[in-house]
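Architecture and fold: a report
So the chains spell out like this:
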Amino acid sequence: MDSDKQMYDVDLDCAECGKHISQLPFQPSGDRPVFCSDCLRAKRQTRAPRERRMYDVDLNCAECGKHITQLPFQPTGDRPIYCMDCNRARRGDA
Ligand SMILES: [Zn+2]
Ligand SMILES: [Zn+2]
């Protein structure tokens, strides 16, 4: 079995650093920017550990009554708030 990845010959510049790119592991579609392998790696690293902002709240779950101290969104007050377990269960059978 051939373990080499197929490379496509291209004549492009990296959309980030402008470095010339002569080969890509995929066929560029033309409708999205192309990045060199260095910039791709840097982008992947900065995007990976995405921290979610949490809001401190003092509420009780509308389903099971469990105390909720943090939410990943700001509660608006016009709709019931559910704890993580109930949220997951509700999403599961929706
Ligand atoms: Zn680059
Ligand atoms: Zn609950």
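Residues numbered from 1 in each chain as written. Chains lettered and ligands numbered in written order. Predicted model: local features only at pLDDT ≥ 70, side-chain atom pairs only at ≥ 80, totals over all residues. Heavy atoms only, no water.

Quick notes on the pairing of strand β4 (residues 67-71)
Both strand β3 (residues 55-60) and β4 contribute to a ladder of four bridges, which runs antiparallel. From the neighbouring strand, Leu59 faces β4, where its bridge partner is Ile68. Where β3 folds back on β4, the antiparallel hairpin that results is connected by six residues, among which Gly65 adopts a positive phi of roughly 80 degrees. (Pairing = 2+ DSSP bridges. Helix = DSSP H or I, 4+ residues; strand = E, 2+ residues; numbered from the N terminus.)

Re the coordination of the zinc ion (ligand 1)
Every protein donor of the zinc ion (ligand 1) is listed here as Cys14 (SG), Cys17 (SG), Cys36 (SG) and Cys39 (SG), and their distances to the metal cover 2.2 to 2.3 Å. Considering all four donor atoms around the zinc ion (ligand 1), the spread of angles at the metal, 104 to 116 degrees, places the coordination shape in the tetrahedral class. Given a relative accessible area of 5%, Cys14 falls into the buried group. We classify Cys17 as partly exposed; its relative accessible area is 46%. (Donors = N, O, S within 2.8 Å, 3.2 Å for Na, K, Ca; no water. Tetrahedral: all angles 85-135°; square planar, octahedral: opposite > 155°, others 65-115°. Buried < 20%, exposed > 50% of the residue type's maximum accessible area, 1.4 Å probe, protein only.)

Some points on the pattern of salt bridges
Evaluation of the coordinates by the stated rule reveals five salt bridges. Put simply, Asp38 and Lys19 hold a salt bridge, and the shortest N to O gap is 3.0 Å. Placement of Asp38 in helix α1 (residues 37-47) and of Lys19 in the loop between β1 (8-13) and β2 (20-24) is noted, with a sequence separation of 19 residues between them. Assessed through its relative accessible area of 39%, Lys19 is described here as partly exposed. (Salt bridge = Lys/Arg side-chain N within 4 Å of Asp/Glu carboxyl O.)

Topic: the environment of Ser37
Locating Ser37 in the fold gives a position in helix α1. Counting along the chain gives 13 residues from Ser37 to Leu24, while the straight-line C-alpha distance between them is 8.8 Å.

Here's the deal with the coordination of the zinc ion (ligand 2)
Coordination of the zinc ion (ligand 2) by the protein involves Cys61 (SG), Cys64 (SG), Cys83 (SG) and Cys86 (SG), with metal-donor separations of 2.3 Å. Between consecutive donors of the zinc ion (ligand 2), the numbers of intervening residues give the motif C-x2-C-x18-C-x2-C. With Cys61 in the loop between β3 and β4 and Cys83 in the loop between β4 and α2 (84-92), the pair connects residues that are 22 residues apart, well separated along the chain.

Section: the packing of aromatic side chains
What describes a pair of aromatic rings is the distance from one ring centre to the other and the angle between the planes of the rings. This structure, assessed with the given rule, holds zero aromatic pairs. One Lys or Arg, Lys43, reaches over the ring of Phe35 and ends 4.5 Å from the middle of that ring. Directly above the ring of Tyr82 sits Arg90, whose terminal nitrogen or CZ lies 3.9 Å from the centroid. (Phe/Tyr/Trp six-rings, centres within 6.5 Å; stacked < 30°, edge-to-face > 60°. Lys NZ or Arg CZ within 6 Å of the ring centre and 35° of its normal.)

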